[in-house]
Amino acid sequence: QVQLVESGGGLVQPGGSLRLSCAGSAFSFSVYTMAWYRQAPGKQRELVAQITRRDTTNYLDSVKGRFTISRDNAKNTVYLQMNNLKPEDTAVYYCNANFASTDFWGQGTQVTVSS
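Residues numbered from 1 in each chain as written. Predicted model: local features only at pLDDT ≥ 70, side-chain atom pairs only at ≥ 80, totals over all residues. Heavy atoms only, no water.

A.B. asks: Outline the overall build of the protein, listing residues and values.
C.D. replies: Each helix and strand counted, the protein has 0 helices and 11 strands in total. Here the protein has a C-alpha radius of gyration of 13 Å; the compact-globule value for 115 residues is 13 Å, and the two agree. The principal-axis extents of the C-alpha atoms in the protein amount to approximately 40 × 25 × 25 Å. The proportion of buried residues among the 115 residues of the protein is 40%. (Helix = DSSP H or I, 4+ residues; strand = E, 2+ residues; numbered from the N terminus. Rg over C-alpha atoms; globule rule 2.2 N^0.38 Å. Buried < 20%, exposed > 50% of the residue type's maximum accessible area, 1.4 Å probe, protein only.)

A.B. asks: Can you break down the pairing of strand β10 (residues 102-105) residue by residue, with the values?
C.D. replies: On any regular strand, side chains alternate: one points to one face of the sheet, the next to the other face. Both strand β9 (residues 91-99) and β10 contribute to a ladder of 4 bridges, which runs antiparallel. Counterpart to Asn96 in the pairing with β10 is Trp105. (Pairing = 2+ DSSP bridges.)

A.B. asks: Which residues make up the side chain of Glu6, and what values go with them?
C.D. replies: Locating Glu6 in the fold gives a position in strand β1 (residues 3-7). Look at Glu6: it is buried, it has no salt bridge, and the nearest opposite charge is Arg45 at 7.8 Å. Only 2.7 Å separates the side chain of Glu6 from the backbone nitrogen of Cys95, close enough to count as a polar contact. For Glu6, the side chain forms a polar contact with the main-chain nitrogen of Gly108, separated by 2.8 Å. Those residues in contact with Glu6 that lie beyond four places of it in its chain are Ser21, Cys22, Trp36, Tyr93, Tyr94, Cys95, Gly106, Gln107, Gly108 and Thr109. (Lys, Arg positive; Asp, Glu negative; His and termini not counted. Salt bridge = Lys/Arg side-chain N within 4 Å of Asp/Glu carboxyl O. Polar contact = N/O pair within 3.5 Å; in protein donor to acceptor, adjacent residues only side chain to side chain. Contact = heavy atoms within 4.5 Å.)

A.B. asks: An account of the nonpolar core is requested, with residue identities and associated values reported.
C.D. replies: One broad rule of soluble globular proteins: the nonpolar side chains tend to lie buried together. Met34, Trp36, Val78, Leu80, Met82 and Tyr93 are the most contacted members of the largest nonpolar core, which totals 29 residues. Those elements that provide at least two residues to this core are β3 (18-25), β4 (33-39), β5 (46-51), β7 (67-72), β8 (77-82), β9 and β11 (109-113). When residues no more than four places from it in sequence are discounted, the contact partners of Leu80 are Leu18, Arg19, Leu20, Trp36, Val48, Ala49, Phe67, Thr68, Ile69 and Tyr93. (Core = buried A, V, L, I, M, F, W, Y, C linked by side-chain atoms within 4.5 Å.)

A.B. asks: Which residues make up the state of the cysteines, and what values go with them?
C.D. replies: By the definition in use, this model includes 1 disulfide. The residue that forms a disulfide with Cys22 is Cys95, at a sulfur-sulfur distance of 2.1 Å. What sets the handedness of the Cys22 and Cys95 disulfide is the S-S torsion sign, and at about -80° it is left-handed. Residue Cys22 is located in strand β3, and its partner Cys95 is located in strand β9; the two are separated by 73 residues in the primary sequence. When sorted by exposure, Cys22 lands in the same class as Cys95, which is buried. (Disulfide = S-S within 2.5 Å.)

A.B. asks: Any chance you could break down the packing of aromatic side chains for me, citing the residues and the numbers?
C.D. replies: Following the criterion strictly, the structure yields 6 aromatic pairs and no others. Here Phe27 and Phe29 contribute two aromatic rings whose centre-to-centre distance is 6.1 Å and whose plane-to-plane angle is 45°, an arrangement assigned as tilted. You can call Phe27 buried: its relative accessible area is 14%. Grouping aromatic residues by their ring pairs yields a cluster made of Phe27, Phe29, Tyr32, Phe99 and Phe104. (Phe/Tyr/Trp six-rings, centres within 6.5 Å; stacked < 30°, edge-to-face > 60°.)

A.B. asks: Any chance you could break down the sheet that holds β1 for me, citing the residues and the numbers?
C.D. replies: Spatial ordering of the open sheet is given by β1-β3-β8-β7, a layout of 4 strands whose pairing is antiparallel. On the outer flanks of this sheet lie β1 and β7, each paired with one strand and no other. The sheet shows a mean angle of 15° between the axes of neighbouring strands, taken without regard to direction. Relative to β8, β3 is paired through 6 bridges, and the arrangement is antiparallel. Within the sheet, the bridge partner assigned to Leu20 lies in β8 and is Leu80. (Axes fitted to C-alpha atoms, helices over the stretch in contact; angles between N-to-C directions.)

Read these as layout, nothing more, since geometry by itself doesn't imply function.
Next comes the structure, spelled out in structure tokens:
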């Protein structure tokens, strides 16, 4: 059974940092494009960052220079390092794995940025 399990969310003050992790299992992790999406209350889900099988990365404009996506294929894990967090980064963050027409999703992890 395919699983994507996120961890690392929580409450952080503005300007703080968090690192999200997403561990995948039961699929060929290394060939999938991995991504992080987020969804804030009342808003549509949006792509935050993605990393291809060849380590090409892409970021939402508002997180460029603050967030870094990386992957460790030996551990079947993708990471999202989030620095200088802002209140507008508050959302549920979801891990996604994509290959051709196949998509897998994690259950989501809450990130709250508040003083």
